[in-house]
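Understanding the architecture of this molecule
Residue-level listing of the chains:
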Amino acid sequence: MIDTEESRYPVFPLTVFWRSTAVFIGLQTLEKVVQETCGAEKRKAFVEGDDFMFANRTVVVTGGAQGIGKGIALAFAREKGRVVIADLNQEAGSALEREMKDQGLEAFFVRTDVREEADVIRLMERAAEKYGRIDVLINNAGISVFKPFFELTLEEWDNVLNTNLRSAFLCTREAAKYMKKEGGAVINIASTRAFMSEANTESYSASKGGIIALTHAMAASLSPYRIRVNAVSPGWIHTGDEGELREIDHKQHWSGRVGRPEDIARACLFLADGRNDFITGQNLIVDGGMTRKMIYAE
Ligand SMILES: NC(=O)c1ccc[n+]([C@@H]2O[C@H](COP(=O)([O-])OP(=O)(O)OC[C@H]3O[C@@H](n4cnc5c(N)ncnc54)[C@H](O)[C@@H]3O)[C@@H](O)[C@H]2O)c1
């Protein structure tokens, strides 16, 4: 028999019909299994907005007592994270712990000097003792010394590097010991000064440039433990009263405004979110466009 289009045609739709039916039934069963095993209720709650990103998760924020760190601490706590505020400033740290508890948020202040190994070991021990686990670490503590190049002393250089850079290694090493079992996320707060400069900023710029390199090195070393390491580089983030700012301060940004701590906090929430586990070793610049803006004198 000659295999014409006419002779083949009637068989074709039947095959397609049976195959499609089998695929359809298979998909229905698969969806049911997925719904039962993967918590359809939880997904529904998330869509409806009554779920929280960091419920039952422990989040350690260094330098969390004020400024950007305070913004980060509040943002994670509002997502039901159990926030450990690690800061040198006893008064500001205790005040923030009280303020957060008054708002019904979970907070635990541990006075910590991130330059000191014993302090950092104790910080992670206390966080794990209190909450049973550590899930997120935000290495935010930082200082700056802007001083004429020829006047910057080695003590000042070491102090900036130890506070900003060495601490990120130290805190991550100690926190990762607790994260190893279940995985986690580390976010290092760098700066756009890692990539561009004004004069007399050597120690600060070097510490922030170091953080970018440290971020991808630690991302590599900690990947077998499902610990992701990323950096956020803020531009100008005003942590005081907005009324202090001039119109030109805002206008020079492509965003039309100077940054706020919440801008950095939202970037941290995004990077710490386990659903974004395809992102590691990266740096996210949050600067209202300033590092992309070309500036020549007119
Ligand atoms: N504000 C900005 O425009 C800006 C821009 C880029 C990067 N950053 C970075 O963001 C981070 C926060 O900056 P900020 O503007 O909120 O500063 P901030 O001075 O307001 O807050 C820094 C916090 O770190 C704490 N701290 C300092 N030394 C410490 C130590 N040895 N141990 C523990 N805690 C210590 C301080 O007590 C303070 O609470 C820093 O790493 C900074 O370099 C800030």
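Just so it is clear, the model here is predicted, and its values are computed rather than measured.

What follows concerns the overall build of the protein. From N to C terminus, the protein includes 10 helices and seven strands. Considering the protein as a whole, with its 298 residues, one finds that 37% of them fall into the buried category. Across the protein, every contact between residues at least 6 apart in sequence was considered, and the portion connecting residues at least 24 apart equals 70%.

The next thing to look at is the nonpolar core. Generally speaking, nonpolar side chains in soluble globular proteins are found buried as a group. Among the nonpolar cores identified, the biggest contains 62 residues, and I72, A73, I85 and C268 are the most heavily contacted of them. The biggest single contributor to this core is helix α7 (residues 154–179), with eight residues. Leave out the neighbours within four places in its chain, and I85 touches V61, G64, A65, A73, G93, L96, E97, A107 and F109.

We now examine the environment of N188. Looking at the secondary structure, you find N188 in strand β5 (residues 184–189). Residue class for N188 comes out buried when judged on the 28 C-beta atoms lying within 10 Å of it. Expressed as a C-alpha distance, the spacing of N188 and K208, which sit 20 residues apart in the sequence, is 9.5 Å.

Moving on, we come to the environment of R292. Following the sequence through the fold, R292 ends up in the segment after β7 (283–286). With 9 C-beta atoms packed within 10 Å, R292 lands in the exposed category. On a C-alpha basis, the gap between R292 and W254 in space is 9.3 Å, while along the polypeptide they are 38 residues apart.

Now for the packing of α7 against helix α8 (residues 202–222). The axes of two packed helices give the description: the angle between them and the distance between them. One way to put it is that α7 packs onto α8 with a least axis distance of 9 Å and a crossing angle of 15 degrees. When the axes of α7 and α8 are compared, the pair comes out roughly parallel. As α7 packs across α8, the resulting crossing turns out to be right-handed. Listed contacts from α8 to E156, W157, V160, L161, N164, L165, A168, F169, T172 and A176 of α7 are S203, Y204, A206, S207, K208, G210, I211, L214, M218 and L222. Considered class by class, the residues forming the contact of α7 with α8 number 13 nonpolar, five polar and two charged.

For N200, which is not glycine, the phi torsion reads 65 degrees and is therefore positive. Relative to the helices and strands, N200 resides in the loop between β5 and α8. What makes N200 partly exposed here is the crowd of 16 C-beta atoms within 10 Å. Look at R226: it is not a glycine, yet its phi comes out positive at around 55 degrees.

The seven strands lie next to each other as β3-β2-β1-β4-β5-β6-β7, forming an open sheet whose pairing is parallel. Strands at the two margins of the open sheet, each flanked by one partner only, are β3 (107–111) and β7. The sheet shows a mean angle of 20 degrees between the axes of neighbouring strands, direction not considered. The pairing of strand β6 (residues 227–234) with β7 spans four bridges and is classified as parallel. By the bridge assignment, V232 is partnered in β7 with L284. In this fold α8 packs onto β5, β6 and β7, with an angle of close to 165 degrees to the strand it touches most, β6.

Cut-offs and rules
- Residues numbered from 1 in each chain as written.
- Predicted model: local features only at pLDDT ≥ 70, side-chain atom pairs only at ≥ 80, totals over all residues.
- Helix = DSSP H or I, 4+ residues; strand = E, 2+ residues; numbered from the N terminus.
- Buried ≥ 20, exposed ≤ 12 C-beta atoms within 10 Å, placed from the backbone.
- Contact = placed C-beta atoms within 7 Å.
- Core = buried A, V, L, I, M, F, W, Y, C linked by C-beta atoms within 7 Å.
- Axes fitted to C-alpha atoms, helices over the stretch in contact; angles between N-to-C directions.
- Parallel < 35°, antiparallel > 145°, perpendicular 65-115°, else oblique.
- Left-handed = near helix turned anticlockwise from the far one by under 90°.
- Nonpolar A, V, L, I, M, F, W, Y, C, P; charged D, E, K, R; others polar.
- Pairing = 2+ DSSP bridges.

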